[in-house]
Amino acid sequence: MDQKYIRNFSIIAHIDHGKSTLADRILELTETVEAREMKEQLLDTMDLERERGITIKLNAVQLKYTALDGQNYILHLIDTPGHVDFTYEVSRSLAACEGAVLVVDAAQGIEAQTLANVYLALDNDLEILPVINKIDLPSAQPDVVKQEIEDVIGLDAQNAPLISAKNGLNVRDVLEAIVHHVPAPSGSSTNPLQALVFDSFYDAYRGVVAFVRVKEGSIRVGDHIRFMASGAEYEVLEVGIRNPKEIKRDVLHCGEVGWLCGSIKSIQDVRVGDTITHVQNGAKEPLAGYQVMNPMVYCGLYPIDSAKYNDLRDALEKLRLNDASLQFEAETSQALGFGFRCGFLGLLHMDVVQERIEREYKIDLILTAPSVVYHAYLSDGSMMKIDNPSMLPEVQRIDHIEEPFVKASIMTPNDYVGAIMELCQKKRGIYKDMVYIDNNRMDIIYELPLGEIVYDFFDRLKSCSKGYASLNYELIGYQTSKLAKMDILLNGESVDALSLIVHKDFAAPRGRAICEKLKTLIPRQQFEIPVQAALGGKIIARTDIKSLRKNVLAKCYGGDISRKKKLLEKQKEGKKRMKAVGSVEVPQEAFMAVLSMDDDK
Amino acid sequence: MRGLYVHVPFCDHICAYCDFTRCGYAKGLADKWLDAIEAELKQRQITDCETVYIGGGTPSCLSLSQLEGLLKLLRPYLKNSTEATIEVNADSFSDDKLAVCKEYGINRISMGAQSFQSDLLKVIERKADYDMISDAIERIYRQGIHDISLDLMYGLPNQTMAQWKEDLNKAAGLAITHLSLYALTIEEHSRFGRANIQPCDPDLEADFYEEAIEFLKQQGFAHYEISNFAKDAHYAKHNLIYWHYEDFYGIGCGASGKINHMRYDNTRNLHTYITKGACPDKHMLTKQEEMFEAVMMGLRLREGINKQTFYNRFHEELHMRYEQAIIKHVRLGNLIEDEKRLYTSYQGMLILHDILVDFL
């Protein structure tokens, strides 16, 4: 097909505004997927995505569309995640497109991530097509939302399609807008090859499969290609597109989006953001690619069964293949043995990685509490980056400690402004600004320590605004704070995996809350276990887990044997998910105790 | 040595904590059930049992003629047994039922009391109070049955230590030779479970238990099994078969048996039992399973497991088979191993569940 009839686009939206549902309707309307194959939210291929109703990984499909004027088009739809943790992935998929469909909920209007995504799309010079979804809702206010889009984003929304993705209403208008307003890909098939790798995964039979957008030239089976950043060279064995099933092709033309593989066994050779060119007559310059996002949150990842250490390394390597923002390096903990310090974009990202490792690779994990990266300035003038609280040098050697701050934008209906400001204040926030979005909603700007956001900020924000407030944040740099390491002692022994860095003024209540939480999580054992929190060697909180005095089946006669044995087997299963720390058996969840804070107590 | 257990799945009223196979008594249903028992007994061809235990449910809620009918069916086994027990509730165990039991060779009565506190009896929905129970025990004793066991429960909702002490004291004053003490377990499928009744505080439960052990020792009761106490060596011989992990037949709807390395569980559905028979769910036990179960049951006894008996049965040394678990718990002071036996210490007995997990 002629390049001028190709359209590459993404759908961007705040979480829950109906992005995946719209994608489903588009697949149906273009008859890409037969009705009988249609599953809810087809592009969310991971079980996890469907269960949680979130899109985590991108996915690219080719659609054939005959416009109302009779012209045939090829569309490539590149799905994007909606959660703030995955902003990076959004920017990856946007780099492969010329246009973005911006979905806005007709009842909720613009939310924090609507804006964040719009800015990403603008950074990538994309044509943005606003679409107003959920107009079937009784609370829908399409005109108000249109006005909001014009006022807040500055886009002309007067002709925005008014749709209901759920009911399939006016979805065709979206496709028409795409073919008429999104530009066709530029570039030429005769130029030297430049293909942007925007995603990849590992297939046990074929090796690495890379998703590419061909920006210049074309790519054929049998071509000798080079990954420009890694320098690795391979012969292309297969190329193809997805619809969403894999369809093999002989060639991917300029402007197209598809996949390729070349029996690439070395995961390190394929980096997302790299440019592929031909070994012969290759391009001189790589494409701009994208900046690698630095993880915001770090935690220790340990296999419960220490024999699975190597399996865990394998799993992490494979996950990193299409998740460049996942970082890890080996570390050891006195309490937990051998594991990895891993960096994530946020807590959801961390959760997702944990669940994928446990489900897809069947490795039971212990995660330590997440920590941000602190900068510890030592008396000798040097600086240490601390991503693991237990590595903080002793107090005497430290001059001061800096922590990362974010600029947070919180959009909320006016009613909750008071509660939200109180929350921000409590989380050591610095008030910056407050602007009206419209008559009923405000955008509150605060500078907050990232470390506080990592804890329970998001949950609290949701609960103090009945779920209406939305949050977006970006890192703005480091500031000095009164920080210190808090150690947690079990049975008198400091457990390195439980150490955390806290603000001194909040240390005592936090220490108490952690001790109390651990008391509820660690089952009673045969001896009494003191649980203590210490700051600079001084105990600031303590509670005791009383000893287990009695745990015996009341009665056990002939008919009870199999049932009672099952009870024992169940307990044994639970025990498998515990780690012996010194003489104390500690369950997996306990290492996250610092997360489930309740400062109000 | 083998035992025979017969399950009577009827009760006049279902207690709030109970999740056994049981249903409200109805005469017509019990008649049909009796026919099915006859058929199952015929089919089983039991020849070799030394103990008989008629449990439930509440066997005493059968009508006089049904009870006699049941005993008649069991006569061949009762005749040859050294111990024949029936479970009864004081409120339904009339003099004529008692006489029939005596006549057919019942020589041991297990009576459900659970509590002597009227408020607690109301909560667990049981009728028989202290007066009825002490009266029944007197009648049984006069009838010439001197092996009498009583069941009591602790950890009942809002039960106090004072109430528990009073119950123990009253029980010890009765003409009984045996006591079974059970901590309340909230079973999911009991009324308590459905009402989301919370279990007793574990420390209080331990206090109740330790109080009972101490008190009963003074009263001359030997604490021979986790929940069982006997005076003058009046151990429950039938139950010892379970704890020694020997074979036993189970007859009736909801009964289980273990014969020649096979465990079977009869249907728990009364309608199925009456119309189609026992329909046992059979499971061949592996040696691994049998060894573990022998440990699980044997360690409940104060005397513990006889190592020679274990070796004779499984041709493996108990110590070698469970070396890690034994060493760990001997070191922790939970288990004691000598030349002949492996048994729990006092502290170990209280946390047997935790010990057994390490034997799995």
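Residues numbered from 1 in each chain as written. Chains lettered and ligands numbered in written order. Predicted model: local features only at pLDDT ≥ 70, side-chain atom pairs only at ≥ 80, totals over all residues. Heavy atoms only, no water.

Some words on the packing of helix α9 (residues 417–426) of chain A against helix α10 (residues 450–464) of chain A
Residue and element names in this part refer to chain A.
So, step 1. Running from N to C, α9 and α10 point in directions that differ by 160°, and their axes come no closer than 9 Å. Taken together, α9 and α10 sit at an angle that is classed as roughly antiparallel. Crossing handedness for the pair α9 and α10: right-handed. Across from A419, I420, L423, C424 and K426 in α9, the residues of α10 making contact are F457, R460, L461 and C464.
So, step 2. Split into classes, the residues belonging to the contact of α9 with α10 amount to seven nonpolar, no polar and two charged. (Axes fitted to C-alpha atoms, helices over the stretch in contact; angles between N-to-C directions. Helix = DSSP H or I, 4+ residues; strand = E, 2+ residues; numbered from the N terminus. Parallel < 35°, antiparallel > 145°, perpendicular 65-115°, else oblique. Left-handed = near helix turned anticlockwise from the far one by under 90°. Contact = heavy atoms within 4.5 Å. Nonpolar A, V, L, I, M, F, W, Y, C, P; charged D, E, K, R; others polar.)

As for the domain arrangement of chain B
How big an interface is tends to be stated in terms of accessible area lost as the parts join.
All names here are of chain B.
So, step 1. Entries for chain B in the domain assignment read domain 1 (2–241) and domain 2 (305–360).
So, step 2. Computed over C-alpha atoms, the centres of domain 1 and domain 2 are 30 Å apart.
So, step 3. Taken together, the two surfaces of domain 1 and domain 2 that pack against each other cover about 410 Å², and 79% of this comes from carbon and sulfur.
So, step 4. Considering only the surface of domain 1 that becomes buried against domain 2, Y209, E210 and I226 emerge as the three largest contributors, covering 71% of it.
So, step 5. Our count for the domain 1 to domain 2 interface comes out at zero residue pairs in polar contact (both at pLDDT 80 or more).
So, step 6. If you tally residues by element for the side of domain 1 that touches domain 2, the top one is helix α8 (residues 202–218), at three residues. (Domains from an automatic or database assignment. Buried area = accessible area lost by both parts, 1.4 Å probe. Polar contact = N/O pair within 3.5 Å; in protein donor to acceptor, adjacent residues only side chain to side chain.)

Examining the packing of aromatic side chains
So, step 1. Counting across every chain of the model gives 25 aromatic pairs over all chains.
So, step 2. The interplanar angle of 80° and the centroid separation of 6.3 Å between the aromatic rings of F227(A) and Y234(A) together place this pair among those described as edge-to-face. For the pair shown, F227(A) and Y234(A) are each scored as buried.
So, step 3. The interplanar angle of 50° and the centroid separation of 4.7 Å between the aromatic rings of Y224(B) and Y235(B) together place this pair among those described as tilted. One end of the pair, Y224(B), is in strand β9 (residues 221–225); the other, Y235(B), is in the loop between β10 (228–231) and α9 (237–243), with eleven residues separating them in the sequence.
So, step 4. Residue class for Y235(B) comes out partly exposed when judged on its relative accessible area of 34%.
So, step 5. In this arrangement the basic side chain of K550(A) is found over the ring face of Y209(B), its NZ or CZ atom lying 4.9 Å from the centre. (Phe/Tyr/Trp six-rings, centres within 6.5 Å; stacked < 30°, edge-to-face > 60°. Buried < 20%, exposed > 50% of the residue type's maximum accessible area, 1.4 Å probe, protein only. Lys NZ or Arg CZ within 6 Å of the ring centre and 35° of its normal.)

So, the pairing of strand β23 (residues 430–436) of chain A
Residue and element names in this part refer to chain A.
So, step 1. Sheet topology note: the β23/strand β24 (residues 441–449) ladder contains six bridges and is antiparallel. Of the residues in β24, the one forming a bridge with V435 is D443.
So, step 2. Two successive antiparallel strands, β23 and β24, enclose a turn made up of four residues. (Pairing = 2+ DSSP bridges.)

Remarks on the packing of helix α2 (residues 64–80) of chain B against helix α3 (residues 95–103) of chain B
Describing two packed helices takes the angle between their axes plus the distance from one axis to the other.
Residue and element names in this part refer to chain B.
So, step 1. In contact at an axis separation of 10 Å, α2 and α3 are set at 10° when each is read in the N-to-C sense. When the interaxial angle is binned, α2 and α3 end up roughly parallel. Of α3, the residues touching α2 (which contributes L64, L67, E68 and L71) are D96, K97, V100 and C101.
So, step 2. Residues of the contact of α2 with α3, tallied by class, amount to five nonpolar, no polar and three charged.

Brief notes about helix α12 (residues 561–576) of chain A
So, step 1. In this model α12(A) runs 23 Å from its N-terminal to its C-terminal C-alpha over 16 residues, within 8% of the 22 Å that 1.5 Å per residue would give.
So, step 2. Regarding α12(A), the residues found buried are I561(A), K564(A), K565(A) and L568(A). The arc that holds the buried residues of α12(A), viewed along the axis, is 100°, so those residues lie on one side. Exposed side of α12(A), more than 90 degrees from the buried face: K566(A) and K570(A) are the residues found there.
So, step 3. On the buried face of α12(A), the contacting elements are β13 (262–265), α11 (287–298) and α16 (352–357) of chain B. (Expected span 1.5 Å × (residues − 1). Arc of directions from axis to C-beta.)

Quick look at the sheet that holds strand β9 (residues 224–227) of chain A
Residue and element names in this part refer to chain A.
So, step 1. If you walk across this open sheet you meet the eight strands as β10-β9-β15-β6-β7-β14-β11-β12, and the pairing is antiparallel. For this open sheet the edge positions go to β10 (233–235) and β12 (246–249), each flanked by a neighbour on one side alone. Each strand of the sheet is rotated relative to its neighbour by a mean of 40°, with strand direction disregarded.

Examining the environment of Y242(B)
All names here are of chain B.
So, step 1. Structurally, the position occupied by Y242 is in helix α9.
So, step 2. Here Y242 falls in the buried class, since its relative accessible area comes to 4%.
So, step 3. Linking Y242 and D232, residues ten residues apart in sequence, is a C-alpha distance of 21 Å.

A word on the interface of chain B and chain A
So, step 1. Counting from both sides, the interface comprises 46 residues of chain B and, opposite them, 27 residues of chain A.
So, step 2. Interface of chain B and chain A: buried area, both sides summed, is about 3,300 Å²; carbon and sulfur atoms make up 53% of it.
So, step 3. Across the contact surface, chain B and chain A share ten salt bridges.
So, step 4. Here chain B and chain A share 24 residue pairs in polar contact (both at pLDDT 80 or more) between them.
So, step 5. Broken down by element, the residue count for the side of chain B that touches chain A peaks at seven residues, all from α8(B).
So, step 6. In the side of chain B that touches chain A, the residues fall into 23 nonpolar, nine polar and 14 charged. (Salt bridge = Lys/Arg side-chain N within 4 Å of Asp/Glu carboxyl O.)

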